[in-house]
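Given next are the chains, with one letter for each unit.
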Amino acid sequence: MNRRLIFWIPAAMRLLLVLIGAGVVWYFLGPIVALAAVLGAMTVMLATQLHYLYQLSDWLDNPGSARLPDGWGAWTDIFSRLYKLRRDDEKNQAELTEWLARFRQAMRLLPDGVAIMDDVLFLEWCNPAAEKHLGLELARDKGMRVTNLVRTPSFIDYVVLGRYEQPLTLNLRERKLIVQIIPFESRRQILVTHDVTDAERVDMMRRDFIANASHELRTPLTVINGFLEIAYNQPNLDLQTRMSHLKLMIEQGQRMQNLVEDMLTLTRLESVEHPLRPERVDIHTLLEQIHQEVLALSAGRHQVSLDIDGPDIRGSADELRSAFGNLASNAVRYTPEQGSIALAWRMTEDGPRFIVKDTGIGIRPEHISRLTERFYRVDKSRSRETQGTGLGLAIVKHVLLRHNASLHIESEPERGSTFIVKFPKKAVFAE
Ligand code: ADP
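Values in this document were obtained by computation on a predicted structure and should not be read as measured data. (Residues numbered from 1 in each chain as written. Predicted model: local features only at pLDDT ≥ 70, side-chain atom pairs only at ≥ 80, totals over all residues. Heavy atoms only, no water.)

A. Highlighting the nonpolar core. Of all hydrophobic cores here, the largest spans 44 residues; its most connected members are Phe324 and Phe423. Of all the secondary-structure elements, those providing two or more residues to this core are α8 (197-233), α9 (239-270), α10 (283-298), α11 (317-333), β9 (340-348), β10 (351-358), α14 (392-402) and β12 (416-422). With 8 residues, the top contributor of residues to this core is α11. Residues from two domains meet in this core; each of domain 3 (201-270) and domain 4 (279-427) gives at least three. Residue contacts for Phe423: discarding those within four places in its chain leaves Ile313, Leu320, Phe324, Trp345, Asp350, Gly351, Pro352, Arg353, His403 and Ala405. The next biggest cluster of nonpolar side chains, apart from the first, holds 27 residues, and it includes Val114, Ile116, Met117 and Ala130. (Core = buried A, V, L, I, M, F, W, Y, C linked by side-chain atoms within 4.5 Å. Buried < 20%, exposed > 50% of the residue type's maximum accessible area, 1.4 Å probe, protein only. Helix = DSSP H or I, 4+ residues; strand = E, 2+ residues; numbered from the N terminus. Domains from an automatic or database assignment. Contact = heavy atoms within 4.5 Å.)

B. Molecular detail of the packing of helix α2 (residues 31-61) against helix α3 (residues 74-109). Where α2 contacts α3, the axes come no closer than 12 Å and their chain directions differ by 10°. For the element pair α2 / α3, the angle class is roughly parallel. Taking contact as the criterion, the partners of Gln49, Tyr52, Leu53, Leu56 and Trp59 in α2 are, on α3, Trp75, Phe79, Leu82 and Arg86. The residue inventory of the contact of α2 with α3, partitioned by class, reads 7 nonpolar, 1 polar and 1 charged. (Axes fitted to C-alpha atoms, helices over the stretch in contact; angles between N-to-C directions. Parallel < 35°, antiparallel > 145°, perpendicular 65-115°, else oblique. Nonpolar A, V, L, I, M, F, W, Y, C, P; charged D, E, K, R; others polar.)

C. Seen up close, the side chain of Arg255. Summarising the element assignment, Arg255 is placed in helix α9. Look at Arg255 and you get buried, because its relative accessible area is 10%. Not counting the four nearest positions on each side in its chain, Arg255 is found in contact with Glu216, Thr219, Pro220, Arg384 and Gln387.

D. The site of the ligand, seen in detail. Around the ligand, the structure places 22 residues, and the nearest of them are Arg333, Tyr334, Ser383, Gly390 and Leu393. Within the side chain of Tyr334, an N or O atom sits 2.7 Å from an oxygen atom of the ligand. One of the backbone N or O atoms of Gly392 is found 3.3 Å from an oxygen atom in the ligand. Here the ligand, which alone exposes 530 Å², has 98% of that area covered by the protein. The biggest single contributor to the shell around the ligand is α11, with 3 residues. For the shell around the ligand, the per-class residue count stands at 10 nonpolar, 8 polar and 4 charged. (Near = heavy atom within 4 Å. Polar contact = N/O pair within 3.5 Å; in protein donor to acceptor, adjacent residues only side chain to side chain. Areas by Shrake-Rupley, 256 points an atom, 1.4 Å probe, with all protein chains shown as cover.)

E. Up close: the domain arrangement of the protein. Segmenting the protein into domains produces domain 1 (3-98), domain 2 (110-195), domain 3 (201-270) and domain 4 (279-427). Taking only C-alpha atoms into account, the centre of domain 1 sits 101 Å from that of domain 3.

F. Examining unusual backbone geometry more closely. Positive phi, normally seen in glycine, also occurs at Gln338, with a value near 75°. Looking at the secondary structure, you find Gln338 in the loop between α11 and β9. For Gln338, a relative accessible area of 69% corresponds to the exposed category. At Glu414, a residue that is not glycine, the phi angle is positive and equals roughly 70°. Following the sequence through the fold, Glu414 ends up in the loop between β11 (406-412) and β12.

G. Seen up close, a nonpolar patch on the surface. Together, Leu16, Ile20, Val24, Tyr27, Phe28, Leu29 and Val33 make up an exposed nonpolar region whose accessible area comes to about 780 Å². Among the elements that make up the nonpolar patch, the one with the highest residue count is helix α1 (residues 3-29) (6 residues). Its place among the elements puts Val33 in helix α2. (Patch = residues over 30% accessible without salt bridge, like charges linked within 9 Å, V, L, I, M, F, W, Y side chains within 5 Å. Salt bridge = Lys/Arg side-chain N within 4 Å of Asp/Glu carboxyl O.)

H. Spotlight on the environment of Glu288. Position of Glu288 among the secondary structure elements: in helix α10. Spatially, the C-alpha atom of Glu288 lies 9.9 Å from that of Asp307, the residues being 19 residues apart in sequence.

I. A look at the packing of aromatic side chains. Enumeration according to the criterion identifies 12 aromatic pairs in this entry. Plain terms: the ring middles of Tyr52 and Phe79 are 6.1 Å apart, the flat faces sit at 70° to each other, and that makes the pair edge-to-face. One end of the pair, Tyr52, is in helix α2; the other, Phe79, is in helix α3, and 27 residues separate them in sequence. This pair shows no difference in class: Tyr52 is buried, exactly as Phe79 is. Both rings, one in Phe324 and one in Phe354, keep their centres 4.1 Å apart while their planes meet at 20°; by these two values the pair is stacked. Taken together, the residues Phe324 in helix α11 and Phe354 in strand β10 connect sequence positions 30 residues apart. Exposure class is identical for Phe324 and Phe354. Each is buried. Feature note: the residues Phe324, Trp345, Phe354 and Phe423 constitute an aromatic cluster, connected by ring pairs. Over the ring of Phe209 we find Arg374; its NZ or CZ atom is 4.9 Å from the centre of that ring. (Phe/Tyr/Trp six-rings, centres within 6.5 Å; stacked < 30°, edge-to-face > 60°. Lys NZ or Arg CZ within 6 Å of the ring centre and 35° of its normal.)

J. Structural view of the side chain of Thr389. Residue position: Thr389 is located in the loop between α13 (380-385) and α14. At 2.6 Å, the side chain of Thr389 forms a polar contact with the side chain of Asp262. When near neighbours in sequence (up to four residues on either side) are disregarded, Thr389 contacts Asn258, Leu259, Asp262, Phe375 and Arg377.

Dropping the structure here:
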């Protein structure tokens, strides 16, 4: 039914009733009494309306907590519609609160920084990543100008000049950030920060690795090409020279092969598609093999000992053979003749240990922390003379990482070095 009729029909009916009543009273009791009755009825009706108006105004003062009155006549409809409005409003409010909580949580987890500023660059809000990137603290800095909070000149220029089409690269607090301002809502601006420090470092490592690897491969290739050219241009070379050239070419070819194999090993170790599949590693068999390899490599030039006193562990036998083999062969390669090399397997309170001790050339302290970097060598020529690729300790580091183990190096120049691989207690193989 038309809403107006809902109001008008009962009002008209009530008026009609009053008039009929007044007519009856007039007929029996005369006009004065009838007039008094009409006035009385009107007063009651007016008082009723005022009563409900008063209740409505009361409720409007505190719509959240007070209960809506039940009402009478047209008031019933008004109150029930107001009640529905309030319920809808409460529901919307609850949804909004929930959505806001979800939004805050998402912003908290976002690795990129987001800060909202007003038209005069006063900070209104920012997420924890923005706090970290820009050194802000929302509770302390809210309402302050961002150019007073981040005082780097390039940042101030970027913010003030308003050329926001291009992002700004900003070096701040030892991090490299990409910063961009996005104007929104005509008066506000969003400041977004993206930390590219780690990505840049990985990129630089990759570039360095490619440059180093190319350089390492180019040297033996140049040697081989040189000898091949000599052989081509001088077919009458004597046998002895030819043999010495061939020997050098074989050595260089071997060097290239070692390098490529080590690079492939490293790539495999780093690849997520090759997760570690732990198995029981028979330490006796493994270390016996390494012992034999060391003896062969040393060819009687060193005293070599092996002492095994510890349990088997869980891990990849192939990977550990490669890691332990690298440490052991380094000991041979960096220990002059008559020196000694001791290989040992021990169980300690903190877990098993593989120890390689040599009486070799030793390492100066400033080099120790860098030895596991790819292609890092203390003495390049010595490494190459002994067929080193510069990747051995990088491989060791990766294998140990995959086994939750760590490498400790103690060394004294001219006296020798001790490389200790520390496994956690839980690496011990339990039947
Ligand atoms: P390389 O193939 O050159 O030996 P590694 O990664 O195995 O490469 O070792 C890196 C560098 O660490 C070596 O070039 C060498 O200078 C040093 N180094 C490794 N092991 C020893 C050792 N037992 N004694 C002295 N120096 C060592």
